Structures are given as C-alpha cells and as structure tokens.
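So the chains spell out like this:
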Amino acid sequence: MELQVAELKQKIEDTLCPFGFEVYPFQVAWYNALLPPAFHLPLPGPTLAFLVLSTPAMFDRALKPFLQSCHLRPLTDPVDQCVAYHLGRVRKNLPELQMEVIADYEVHPNRRPKILAQTAAHVAGAAYYYQRKDVEADPWGTQHISGVCIHPRYGGWFAIRGVMLLPGVEVPDLPPTKPLDCVPTRAARITLLEGFNFHWRDWTYRDAVTPQERYSEEQKAYFSTPPAQRLALLGLAQPSEDPSSASPELPFTTLPPKKPQNPSRARGWLSPSISPPASPGP
Ligand code: B12
C-alpha cells in the first residue's frame, strides 16, 4: 500500500477502531467503473476514499456511551448521530485534509442514494457483495432480489456507515484489494439471498459464514424495537427538544432528514412495489 495511504489509514483507524469501526481505502475510479453515470462520485478517478463500517462492538463501545452523554439531539436517529460524531472526530484529528463524508442514509432530492454502500464495500475489499447475478440460473423469476454484502469475519453482523472522500489526495498506484468470496457455492448464495430478502428479521442470513462476533441480545432487541422506544429499552430518557441542548452540526454533506430513519428513507426512487421493512436494523 502506498505510504501516504498507509499513514492516513493508520490515523483514521487509531481514531475509529477503538469504537468498533473498520475502514478500508479505495479509489473513486474503482467505484465509478461499476456504476452508471447517475451514481458516479464527481471526483477524479484516483481520488482516495475510505469505506467505513461498524462491527458488533460499536454498540457497546460507541453507541451506548454516546447515548449516555449529552450529545444526543431529538428527532434524528441516535445511531446516525453517533456515527456522525465519530467521523467528526476523524475530521478534527486531520485538520489539514479536506474531507467529505457521505453517510449510508443520504439521498438526493429524487431519493436516489448518494452512495451505493454495498458496491463501495466490495470495491474497497471490505465485504463481498453477493448479487442475483452471482447465482447461475437463479430460481426467482420476476421477483426483485436485493444483494447483500458478507464480511469474512462478521458475516452479516455489521453495517456500512458511509464513505469518507479526500478530494485532492490522489493515489493512482493504490493496488485494489479483492473482497474475500466467503460464500462460494450456488446453494449457499441462494440461501443467503433468500434469507436477506424474505426472512431478514430472523437474523439468520447474517450467519452465512460463522462470525467471529454477533450482535448481543441487547443489540438485537435495540434494533428490533421501534425507534421511539429504543432509549427506554436501555433505561435512558428521550433527549429534550430544547435546541440549546443540540450537539454540534453533523459533518455530512447534507444533514440527515427528519426521522424516523430507516432504509425506506432512501427507497422512494426505486420501484414503489418494494415495501419497506417495519423497523430498521443495522
Ligand atoms: C434502499 C435500501 C433498502 C430498500 C430497497 C433494497 C434494495 N437494495 O433494493 C429496502 C427498504 C427494501 C431495504 C431493506 C433492507 N435493507 Co437496505 N438499504 C437500502 C439502501 C439505503 C440503498 C440500496 C439501494 O437503493 N441500492 C440501489 C440499487 C440499484 O443498487 P444495486 O442493487 O446494488 O445495483 C447496483 C450494483 O449492482 C452495481 N453493479 C453493477 N455491476 C456490478 C458488479 C459488481 C462486482 C459490484 C460490486 C456492483 C455492481 O450497479 C447497480 C446500479 O446501477 C442501502 C444503503 C446504501 N446507501 O447503499 C441499504 C442497505 C442495502 N440495507 C441494508 C439492510 C441490512 C437492509 C435490511 C436487512 C433491513 C435492515 N436495515 O436491517 C432489509 C433487507 C430486505 C431487502 N429486500 O433488501 C444494508 C445491507 C448490508 C449488507 N450486509 O449488505 C445496507 C447497505 C444499509 C447499511 N447501512 O448497511 N433496504
């Protein structure tokens, strides 16, 4: 890996890894090469970017302490605020760099996602993105089948939180890292995609590989609980709506929309026949 990238990666990891995040460098060109122009990131191809994901440890190491702190604002999702807070720390620790962060939930006015998180995770080598086209002679006819990323150590027990773009930092010689194909057989890919699309609430698709760590029962309960009752589940009170208690501005390109936040916040531009899940999970 280029020295400059290795140094930057180390600095970002020092800031984020203790809180249950992982980061993976990639070139904007690798991402843009797989997507139609409407999804392109408008930066020169060799621009350095980092994919950020959260592991099961994020819940105890980052989210719970964050919820207990005074940073929480009403109306916006606590997990999104927590991630924003930690990415803001990266920005503070690297003041000399221009940095643009795009979170997984950010959408354009037409509701199209600003970043295709799974494609980014795949090109960054973080987690293999299994799609319908990775199954030969698939059995699903005209059904819509969404793809799913599987992490070699956490299976499906992780979430992609966004990308950090470093405009002006160009790394044309960064070698691409292939994601590990940890679900190599047709049968296992069918089970995985059916689990993700039709039974995701039972969590089983996340065990497509035996994970090093899963979400705790408490974490699963948190994400299975409707957003309005989640803080009570952890024995915490809702934050006051007094604007003076607000945390600093989130460091994203746009502020997150008003809640409830779930993947359906970004689905409006897709086929309206896909019904959103009742409760978002990570
Ligand atoms: C909209 C959305 C939904 C919608 C629609 C789902 C869909 N994929 O169509 C709904 C509400 C149904 C949904 C549900 C869920 N979601 Co959702 N959702 C999203 C969201 C916000 C955008 C996905 C999207 O619109 N993609 C657009 C389509 C067109 O992209 P695409 O299918 O990948 O197509 C592109 C690729 O094929 C690429 N391409 C072409 N050739 C090639 C070749 C290669 C090699 C590669 C890599 C790419 C590539 O080009 C295509 C575009 O032209 C993402 C977060 C994000 N910002 O990406 C989360 C996300 C996909 N959801 C996620 C999850 C976990 C879920 C749920 C389990 C609920 C939950 N949160 O617990 C359920 C699962 C049910 C289901 N059917 O998907 C996770 C998936 C994590 C993972 N391990 O993959 C994501 C990444 C959120 C996150 N922060 O981690 N979701």
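Please refer to the structure higher up on the page.
Here the residue numbers are simple positions, counted from 1 along each chain's written sequence. Two thresholds apply to this predicted model, a pLDDT of at least 70 for residue-level local features and 80 or more for giving and counting side-chain atom pairs, whereas whole-chain, interface and lining totals are computed over all residues. With hydrogens and water set aside, each side-chain value is computed from the structure's full complement of heavy atoms.

1. Digging into the sheet that holds strand S3 (residues 100–103)
Two strands qualify as a pair provided that DSSP identifies no fewer than 2 bridges between them. The numbering of helices and of strands both runs from the N terminus, where a helix is a DSSP run of H or I of at least 4 residues and a strand a run of E of at least 2. Across the sheet, four strands lie side by side as S1-S2-S6-S3; this open sheet has antiparallel pairing. At either margin of the open sheet sits one strand with a lone partner, and together these are strand S1 (21–27) and S3. On average, each strand axis in the sheet is tilted by 20° relative to the strand beside it, whichever way the strands run. Where S3 meets strand S6 (residues 159–170), four bridges bridge the pair, whose relative direction is antiparallel. Axis geometry follows a simple rule: fit a line to the C-alpha atoms, using only the stretch in contact for helices, then measure angles between N-to-C directions, giving values from 0 to 180 degrees.

2. Topic: the packing of aromatic side chains
Classification of ring pairs rests on two measures: the distance between centres of Phe, Tyr or Trp rings, Trp counted by its six-membered ring, which must be within 6.5 Å, and the angle between planes, read as stacked under 30 degrees, edge-to-face over 60 and tilted in between. Counted according to the given criterion, the structure contains ten aromatic pairs. Geometrically, the ring pair formed by Tyr 128 and Tyr 130 is stacked, given 4.4 Å between the ring centres and 25° between the ring planes. Burial classes: relative accessible area under 20% of the type maximum marks a residue as buried, over 50% as exposed, and values in between as partly exposed (1.4 Å probe, protein chains only). Residue Tyr 130 is classed as buried on the basis of its relative accessible area, which comes to 1%. Three or more aromatic residues joined by ring pairs make a cluster, and in this case those are Phe 59, Trp 157, Trp 203, Tyr 215, Tyr 222 and Phe 223. Positioned above the aromatic ring of Trp 157, the side-chain terminus of Arg 206 is 5.9 Å from the ring centre. Definition used: whenever NZ (Lys) or CZ (Arg) falls within 6 Å of the ring centre and also within 35 degrees of the ring normal, the charge is taken to sit over that ring.

3. Notes on the nonpolar core
In this text, buried Ala, Val, Leu, Ile, Met, Phe, Trp, Tyr and Cys residues form a nonpolar core when linked through side-chain atoms within 4.5 Å. The biggest cluster of nonpolar side chains holds 64 residues, and the ones touching the most others in it are Phe 26, Leu 48, Leu 51 and Met 164. When neighbours within four sequence positions are excluded, Met 164 is seen to be in contact with Ile 12, Leu 48, Ala 49, Phe 50, Val 52, Leu 87, Val 90, Met 99, Glu 100 and Val 101. Ranked by size, the runner-up nonpolar core spans 14 residues in total, among them Tyr 128, Ile 145, Cys 182 and Val 183. Any two residues having at least one pair of non-hydrogen atoms within 4.5 Å are treated as being in contact.

4. As for the pairing of strand S2 (residues 47–54)
Where burial is concerned, most of S2 is hidden: eight out of the eight residues are buried. Neither face of S2 is left uncovered, since the one carrying Thr 47, Ala 49, Leu 51 and Leu 53 and the one carrying Leu 48, Phe 50, Val 52 and Ser 54 both have all their residues buried. Where S1 meets S2, seven bridges bridge the pair, whose relative direction is antiparallel. Of the residues in S2, the one forming a bridge with Val 23 is Val 52. With eight bridges joining them, S2 and S6 adopt antiparallel strand pairing. If you follow Phe 50 over to S6, its bridge partner there is Met 164.

5. Regarding the pattern of salt bridges
Counted as salt bridges are all cases of a side-chain nitrogen of Lys or Arg within 4 Å of a carboxyl oxygen of Asp or Glu. This structure, assessed with the given rule, holds ten salt bridges. The residue Glu 22 makes a salt bridge to Arg 153 at a minimum N-O spacing of 3.1 Å. Pair noted here: Glu 22 is in strand S1 and Arg 153 is in the loop between strand S5 (148–150) and S6, with a separation of 131 residues, a long-range link. Ionic pairing is found between Lys 114 and Glu 106, a salt bridge with its closest N-O pair at 3.7 Å. One exposure class covers both Lys 114 and Glu 106, and it is buried. Via salt bridges that share partners, Asp 60, Lys 64 and Glu 218 belong to a single interconnected network.

6. Digging into unusual backbone geometry
You will see that Ala 137, though not glycine, has its phi angle at about 45°, which is positive. If you trace the backbone, Ala 137 turns up in the loop between strand S4 (128–130) and S5. Ala 137 sits in the exposed class, given a relative accessible area of 65%. One non-glycine residue, Trp 203, adopts positive backbone phi at about 70°. The topology assignment puts Trp 203 in the loop between helix H6 (186–198) and helix H7 (217–224).

7. Quick word on helix H3 (residues 58–68)
Those residues of H3 that fall on the buried side of the exposure criterion are Met 58, Phe 59, Ala 62, Leu 63, Phe 66 and Leu 67. Projection of H3 onto a plane perpendicular to its axis shows the buried side chains occupying an angular sector of 120°, all on one side. In the core, the buried residues of H3 are packed alongside S1, S2, helix H4 (78–93), S6, H7 and helix H8 (230–233). Directions drawn from the helix axis to the C-beta atoms are what define this arc.

8. With respect to the packing of H3 against H4
The geometry of H3 relative to H4 is characterised by a closest axis approach of 10 Å and an angle of 100° between their N-to-C directions. In terms of orientation, H3 lies roughly perpendicular with respect to H4. Here Met 58, Ala 62, Leu 63, Phe 66 and Leu 67 of H3 come into contact with H4, specifically with Pro 78, Val 79, Gln 81, Cys 82, Tyr 85 and His 86. The residue makeup of the contact of H3 with H4, split by class, is nine nonpolar, two polar and no charged. Orientation is classified from the angle alone, with under 35 degrees giving roughly parallel, over 145 giving roughly antiparallel, 65 to 115 giving roughly perpendicular, and any other angle giving oblique. We call Asp, Glu, Lys and Arg charged. Ala, Val, Leu, Ile, Met, Phe, Trp, Tyr, Cys and Pro are nonpolar, and the rest, Gly among them, are polar.

9. A look at the environment of Ala 228
Within the secondary structure layout, Ala 228 lies in the loop between H7 and H8. As for Ala 228 and Asp 77, which are separated by 151 residues in sequence, their C-alpha atoms are 9.6 Å apart.

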